[in-house]
2 protein chains.
Amino acid sequence: MDRLIEKLRGGLPPEAVLTDPDVTAAYAHDHASFCPAGASAAVVLPRTVEQVQHVMRTATELRVPVVPQGGRSGLSGAANASDGCVVLSLARMDRILEIDPVERTATVEPGVVNAVLSRAVQEKGLYYPPDPSSWEMCTIGGNIGTGAGGLCCVKYGVTAEYVLGLDVVLADGRLLRTGRSTAKGVAGYDLTRLFVGSEGSLGVVVRAVLALRPHPPRQLVLAAEFPGAAAAGDAVCRIMAGGHTPALLELMDRTTLRAVNAMARMGLPESTEALLLAGFDTPDPAADLTAVAELCTAAGATEVVPAADPAESEMLLEARRLALRALEGVRSATMIDDVCVPRGKLAAMLDGTAAIAEKHDLVIGVCAHAGDGNTHPVVCFDPADEDESRRARASFDEIMALGLELGGTITGEHGVGILKKEWLARELGPVGLELQRGIKELFDPLGLLNPGKLF
Amino acid sequence: MDRLIEKLRGGLPPEAVLTDPDVTAAYAHDHASFCPAGASAAVVLPRTVEQVQHVMRTATELRVPVVPQGGRSGLSGAANASDGCVVLSLARMDRILEIDPVERTATVEPGVVNAVLSRAVQEKGLYYPPDPSSWEMCTIGGNIGTGAGGLCCVKYGVTAEYVLGLDVVLADGRLLRTGRSTAKGVAGYDLTRLFVGSEGSLGVVVRAVLALRPHPPRQLVLAAEFPGAAAAGDAVCRIMAGGHTPALLELMDRTTLRAVNAMARMGLPESTEALLLAGFDTPDPAADLTAVAELCTAAGATEVVPAADPAESEMLLEARRLALRALEGVRSATMIDDVCVPRGKLAAMLDGTAAIAEKHDLVIGVCAHAGDGNTHPVVCFDPADEDESRRARASFDEIMALGLELGGTITGEHGVGILKKEWLARELGPVGLELQRGIKELFDPLGLLNPGKLF
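Residues numbered from 1 in each chain as written. Chains lettered and ligands numbered in written order. Predicted model: local features only at pLDDT ≥ 70, side-chain atom pairs only at ≥ 80, totals over all residues. Heavy atoms only, no water.

Trainee: Mind showing me how you'd approach the overall build of chain A here?
Mentor: Counting secondary structure elements, chain A contains 14 helices and 19 strands. The C-alpha radius of gyration computed for chain A amounts to 22 Å, which stays within 12% of the reference 23 Å derived for 455 residues, consistent with globular compactness. For chain A, the C-alpha atoms occupy an extent of roughly 65 × 55 × 45 Å along the three principal directions. For chain A, the proportion of contacts with a sequence separation of at least 24, taken over those separated by at least 6, is 73%. (Helix = DSSP H or I, 4+ residues; strand = E, 2+ residues; numbered from the N terminus. Rg over C-alpha atoms; globule rule 2.2 N^0.38 Å. Contact = heavy atoms within 4.5 Å.)

Trainee: Just checking my understanding: could you explain the domain arrangement of chain A for this structure?
Mentor: How big an interface is tends to be expressed through the accessible area that disappears when the partners come together. All names here are of chain A. Taken domain by domain, chain A comprises domain 1 (2–89), domain 2 (96–214), domain 3 (216–329) and domain 4 (330–417). Taken together, the contacts link 9 residues of domain 2 with 8 residues of domain 4. Taking both partners together, domain 2 and domain 4 bury about 590 Å²; carbon and sulfur atoms supply 42% of that area. At the boundary of domain 2 and domain 4, one finds 0 salt bridges. The interface formed by domain 2 and domain 4 contains 3 residue pairs in polar contact (both at pLDDT 80 or more). Partitioned by chemical class, the residues of the side of domain 2 that touches domain 4 number 4 nonpolar, 4 polar and 1 charged. (Domains from an automatic or database assignment. Buried area = accessible area lost by both parts, 1.4 Å probe. Salt bridge = Lys/Arg side-chain N within 4 Å of Asp/Glu carboxyl O. Polar contact = N/O pair within 3.5 Å; in protein donor to acceptor, adjacent residues only side chain to side chain. Nonpolar A, V, L, I, M, F, W, Y, C, P; charged D, E, K, R; others polar.)

Trainee: Is there a simple way to think about the relation of the copies chain B and chain A in this case?
Mentor: Superposing the two chain copies requires a rotation about an axis and a translation along that axis. Here chain B sits on chain A after a turn of 180° about the axis and a move of 0.0 Å along it, with an RMSD of 0.0 Å. The operation mapping one copy onto its partner corresponds to a two-fold rotation axis. (Least-squares fit on C-alpha atoms with pLDDT ≥ 70 in both.)

Trainee: How should I be thinking about the packing of aromatic side chains in this particular structure?
Mentor: Aromatic ring pairs are reported here in terms of the distance separating the ring centres and the angle at which the planes meet. Here the structure, examined in full by the defined rule, presents 10 aromatic pairs over all chains. Judged by centre distance (5.3 Å) and plane angle (15°), the rings of Phe34 of chain A and Phe381 of chain A are stacked. Placement of the pair is Phe34 of chain A in the loop between helix H2 (21–24) and strand S2 (42–44) and Phe381 of chain A in strand S19 (residues 374–381), with a sequence separation of 347 residues. Given a relative accessible area of 37%, Phe34 of chain A falls into the partly exposed group. For Phe381 of chain A, a relative accessible area of 3% translates into the label buried. Arranged with centres 5.5 Å apart and planes meeting at 85°, the rings of Phe195 of chain B and Phe443 of chain B form a pair that is edge-to-face. Pair noted here: Phe195 of chain B is in helix H7 (residues 191–195) and Phe443 of chain B is in helix H14 (residues 421–443), with a separation of 248 residues, a long-range link. Looking at Phe443 of chain B, the relative accessible area reads 4%, which means it is buried. (Phe/Tyr/Trp six-rings, centres within 6.5 Å; stacked < 30°, edge-to-face > 60°. Buried < 20%, exposed > 50% of the residue type's maximum accessible area, 1.4 Å probe, protein only.)

Trainee: Any chance you could explain the interface of chain B and chain A here in plain terms?
Mentor: Between chain B and chain A, the contact holds 73 residues from the first and 73 residues from the second. In this assembly, chain B packs against chain A so that about 5,700 Å² is buried in total across both faces, 61% of it on carbon and sulfur atoms. Among the residues chain B hides against chain A, the three largest losses belong to Lys184, Val186 and Tyr189 of chain B. Together they make up 17% of the total. Applying the counting rule to chain B against chain A returns 8 salt bridges.

Trainee: What am I meant to see in the side chain of His54 of chain B here?
Mentor: Residues and elements named next belong to chain B. With respect to the element layout, His54 can be found in helix H3 (residues 49–62). For His54, a relative accessible area of 18% gives the class buried. In contact with His54, not counting residues within four places along its chain, are Lys7, Leu8, Gly10, Gly11 and Leu12.

Trainee: Where do I start with the environment of Ile418 of chain B in this structure?
Mentor: All names here are of chain B. With respect to the helices, strands and loops of the structure, Ile418 is situated in the loop between helix H13 (386–405) and H14. It is 10 Å that separates the C-alpha atoms of Ile418 and Asn450, two residues lying 32 residues apart in sequence. Beyond its immediate stretch of four places on either side in the chain, Ile418 contacts Cys35, Pro36, Ser76, Gly77, Ala78, Asn80, Gly452 and Lys453.

Trainee: Hey, could you run me through the sheet that holds strand S9 (residues 175–179) of chain A in this one?
Mentor: Hydrogen bonds between backbone atoms are what pair the strands of a sheet, whose relative direction is either parallel or antiparallel. Residue and element names in this part refer to chain A. Spatially, S5-S6-S10-S8-S9 is the arrangement adopted by the 5 strands of the open sheet, whose pairing is antiparallel. Either end of the sheet is taken by a strand with one partner, and the two such strands are strand S5 (96–100) and S9. Averaged over all neighbouring strand pairs, the angle between strand axes comes to 10°, with direction disregarded. As judged from the 4 bridges shared by strand S6 (residues 105–108) and strand S10 (residues 204–211), these two strands associate in the antiparallel manner. Looking at the pairing, Ala106 lines up with Leu210 of S10. Against the sheet, helix H4 (residues 114–122) engages S5, S6 and S10, with an angle of about 35° to S5. (Pairing = 2+ DSSP bridges. Axes fitted to C-alpha atoms, helices over the stretch in contact; angles between N-to-C directions.)

Trainee: I'm lost on the packing of helix H9 (residues 254–264) of chain B against helix H11 (residues 310–328) of chain B in this one. Help?
Mentor: All names here are of chain B. One can describe the packing of H9 onto H11 by two numbers: an axis separation of 8 Å at closest approach and a directional angle of 90°. As summarised for this structure, H9 and H11 are arranged roughly perpendicular, according to the angle between their axes. On H11, the residues touching Thr255, Thr256, Ala259, Val260, Met263 and Ala264 of H9 are Ala319, Leu322, Ala323, Arg325, Ala326 and Leu327. Classifying every residue of the contact of H9 with H11 by side-chain character gives 9 nonpolar, 2 polar and 1 charged. (Parallel < 35°, antiparallel > 145°, perpendicular 65-115°, else oblique.)

Trainee: Before we go on, may I ask you to explain the pairing of strand S13 (residues 248–253) of chain B in this structure?
Mentor: On a regular strand, each side chain points to the face opposite its neighbour's, so the side chains alternate between the two faces of the sheet. Residues and elements named next belong to chain B. For S13, the tally of buried residues reaches 6 of 6 residues, placing the bulk of the element in the interior. The sheet contact formed by S13 and strand S14 (residues 274–280) spans 6 bridges and is antiparallel. Directly across from Leu251, in S14, lies its bridge partner Leu276.

Trainee: I would appreciate a short explanation of the sheet that holds strand S3 (residues 66–69) of chain B in the present structure.
Mentor: All names here are of chain B. Strand order across the open sheet formed by 4 strands is S1-S2-S4-S3, with mixed pairing between neighbours. Either end of the sheet is taken by a strand with one partner, and the two such strands are strand S1 (17–18) and S3. Relative to strand S2 (residues 42–44), S1 runs antiparallel, the two being bridged by 2 bridges. Each residue of the ladder has a partner; that of Val17, found in S2, is Val44. The sheet contacts of H3 involve S2, S3 and strand S4 (86–89), and relative to S4 the element is tilted by about 165°.

Trainee: Please clarify how the pairing of strand S12 (residues 220–226) of chain B should be interpreted in this entry.
Mentor: Residues and elements named next belong to chain B. In terms of burial, S12 is largely enclosed, as 7 of its 7 residues are buried. Of the two faces of S12, the one carrying Leu220, Leu222, Ala224 and Phe226 and the one carrying Val221, Ala223 and Glu225 are both buried. Where S12 lies against strand S15 (residues 303–306), 4 bridges are found, and the strand directions are antiparallel. Within S15, the position partnered with Ala224 by the bridge is Val304.

Trainee: Even after reading the chapter, I still don't get the packing of H13 of chain B against H14 of chain B, so can you show me in this structure?
Mentor: A pair of packed helices is captured by two measures, namely the crossing angle of their axes and the spacing between those axes. Residue and element names in this part refer to chain B. Two numbers describe how H13 lies on H14: the axes approach to 11 Å, and their chain directions differ by 10°. In terms of their interaxial angle, H13 and H14 are classed as roughly parallel. Residues Asp397, Met400, Ala401 and Leu404 of H13 touch H14, and the partners they reach there are Trp423, Arg426 and Glu427. A class-by-class count of the residues in the contact of H13 with H14 yields 4 nonpolar, no polar and 3 charged.

Here it is, written out as structure tokens:
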């Protein structure tokens, strides 16, 4: 152990190697429940690519596992420390290296916080769409590691669609440059995309070239109340089949609406089963809201209220952004599912989730990126109650089983980490799993990078 | 050899195994110049996944190389036969299995012709954007293999962005399902993207789930004439930095304009150095044309003509689509470069290409997806003239060297094939090349799938 610390200190400034257990404990885990976290041997906080290379060379030489970490806001335990590992926090590599309005690219270090980048590019009239709820604390490196999404994905897609090129420090300390800084490029296999969503298991991203868009107009949002999942799901299908392009299309169920009101007194309707929010950032959003309002009414909405202006729209979005935190207040802990199903199966997913909640006598609030079919059932439980905890875990798994049954995936945007390892194997099947393991072995033959995650 | 044919016929109908050398010769190569093509042992034309699996199992058992083929419109020799190989044409697996307006997906077999799919989805109000010039003959499987682009990419991106999930027959005949049929999904490493652009070297795509968009309004196009590359490049930069989102932003140089006029009497201006076409499919394209016209004038355009209506716009696009064929008429053969540079380096790329043409005393016409920085310098030569052929090849290579020097890539959308193998190694560097070769070996340990391509 001493040898590890000594070696690490040989290539890092003293303040960049933390070993006090009281301090390193703060880096032990991310936001996921039910995921074991070990005690690291050290937390390192490099500021340069060379320092990251030094860490990986040291780890390879001494055969010590390394857990790369961003803002630790992940929801699947992918950033959790394991006993004796080196936690490699990229938090201090947080420079925005360049924002180029002609190329519409930003070149950044991995520790840049999502919201910091979003604001910096907005100042130049540009837009970095991926906007996970944790955007004020999560980092671009973490977003790349998990393949993060957000509210905007129904129109603008997920993180993967914005990563053009990467600099990656490999397990053995070598530096790999992937992809490009041009608008297009198809030279060789797409290694860039292989790293997106790889949860730090293939290499350590130390620099990213990101694609940007022109900043869209402020959006107008419509709120529609539905008497049940079937009607809300039908509305989503009508909106998408109707050729509309909402910038967001979100759903909150009654449990979620009550929780948000309880936390923030938002005055959301509590008598409705499902509230749908449809936002448009088009040149004429009012016209889009009118068209979508008609579709919602045709699908059975009991109340349809277009926001009067961007400020009122922003309030509705704020309610949606509070949803996860509000549901944390229902019991003392939550487990957040991330099942994505075909849009046509959204209603079945919602009804099935309600049945699972009833079966296990649990509160499960659902908020969803409805336009993507991406639901976040939030299982509320008290970890001090052993039986409730057991039921929570069981219902969490049953929700994933239901998602797979409906033709969906166990994770739309949160990743696999520790929490869904068994489920990943089920989703991929034996052939896919074998090839994925082969890729892991190719990039990390000693198995040092974030071992125990994904597979 | 007889054993191979016999085994192939054991799992394929008689008409699906072609061995007559006069017939198989027609499947020997794609559209690329300077790429050797061998004589295949057989051409097989399966209609089902099981038949493709039979071909691959047979090839694995007998250690025979297999060259997967689509429409053979490729420009890098990636589909060329090698001596003794089995050419695996997917042309008869050409069914559109499903078009789903709610999920905005199409599920297709690989042999579907791009234009056939485009028209089929348009009938349902949907849009499959990738539109290579060869769209009336190229197949979706070929588009996936090369990572094809087209005119629309500046707004809508390349093929890769529309492939959600794949069924792939592996080298040993096993079937792999990758990706998803949902809007989002981050379960495990992104094997789907690994296959896009892999030129049939990792597996045989037998089914694809493609993302669709709502069909946009018909576009209006503006034509702007520039006295030189610097002014045209400046206009492109101003348009992109100005936050505009053209649906296409194309450039033709004087050589190209003359060639198109010579072929089709289009009445294009021949006195200008560069013609820029900017198209908008926004709700108010006339307003966009007005704004872009001002930017073109500020950049030094000598003439700016907005098309009066969609019909006039279509004529301008038709001229652009004819460009490659028109340049084939200049001499008896062409080599088409595909260098993509940062937009800010477009003018330098155009001027550098002109200098290379002059140095080698050759005609090199340039058309470009200018909004992407993706240039297609078309080297015109007579293959019967040995010295001219040598100079053509030299200039082709010098253009790639220039592209790399300017921070670009050797291929924006045509792929590597045989033609650019050495250049791929230069672009990737030793670490990248080693990992790419490792991936090839993982998926195809016997090296049977399209050997001799890419690396």
